[in-house]
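Observations on chain architecture
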Amino acid sequence: MPFYDYECKECDTTFTRQESFEEHERRRNLKCPECGSRKTRQLVSAAFVQTSKKS
Ligand SMILES: [Zn+2]
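Below: a short report on this structure. (Residues numbered from 1 in each chain as written. Predicted model: local features only at pLDDT ≥ 70, side-chain atom pairs only at ≥ 80, totals over all residues. Heavy atoms only, no water.)

**A word on the side chain of S37**
Within the fold, S37 resides in the loop between α1 (21-26) and β3 (40-43). The class for S37 is buried, based on a relative accessible area of 13%. Within the local environment of S37, its side chain forms a polar contact with the backbone nitrogen of K39, the two atoms lying 3.0 Å apart. Excluding residues within four positions of it along the chain, S37 makes contact with C8, E10, L30, K31 and C32. (Helix = DSSP H or I, 4+ residues; strand = E, 2+ residues; numbered from the N terminus. Buried < 20%, exposed > 50% of the residue type's maximum accessible area, 1.4 Å probe, protein only. Polar contact = N/O pair within 3.5 Å; in protein donor to acceptor, adjacent residues only side chain to side chain. Contact = heavy atoms within 4.5 Å.)

The following block contains the structure:
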């Protein structure tokens, strides 16, 4: 199963979850494990970040 990184907008906590694709599709807004807020967003995985522009 793939791993997904998330960031909480309330407390800036980042956390990683392992989810199946099916589970990930169903679960849009995860609860932050630190403060319980649902204002979380998924972070782009490191593999994608590496393709950022070089100047
Ligand atoms: Zn939080």
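**Let's talk about the coordination of the zinc ion**
Every protein donor of the zinc ion is accounted for by C8 (SG), C11 (SG), C32 (SG) and C35 (SG), and the metal-donor separations fall at 2.3 Å. Seen from the zinc ion, its four donor atoms lie at angles of 104 to 116°, and the figure they make is tetrahedral. The sequence motif formed by the donor residues of the zinc ion is C-x2-C-x20-C-x2-C. A residue is classified by how much of its surface remains accessible, and C11, at 32% relative accessible area, is partly exposed. (Donors = N, O, S within 2.8 Å, 3.2 Å for Na, K, Ca; no water. Tetrahedral: all angles 85-135°; square planar, octahedral: opposite > 155°, others 65-115°.)

**Observations concerning the side chain of H24**
Mapped onto the fold, H24 is located in helix α1. Using a relative accessible area of 14% as the deciding quantity, one classes H24 as buried. One polar contact links H24 to Q42, side chain to side chain, over a distance of 3.2 Å. Setting aside chain neighbours within four positions, we find H24 in contact with Y4, Y6, E19 and Q42.

**Thoughts on the sheet that holds strand β2 (residues 14-18)**
Reading across the sheet, the three strands line up as β2-β1-β3 and stay open at both edges, with antiparallel pairing between neighbours. Pairing within the sheet leaves two strands with one partner each, and these edge strands are β2 and β3. Averaged over all pairs of adjacent strands, the angle between strand axes in this sheet comes to 35°, irrespective of strand direction. Sheet analysis places strand β1 (residues 3-8) next to β2, joined by five bridges and oriented antiparallel. Within β2, the position partnered with F3 by the bridge is Q18. (Pairing = 2+ DSSP bridges. Axes fitted to C-alpha atoms, helices over the stretch in contact; angles between N-to-C directions.)

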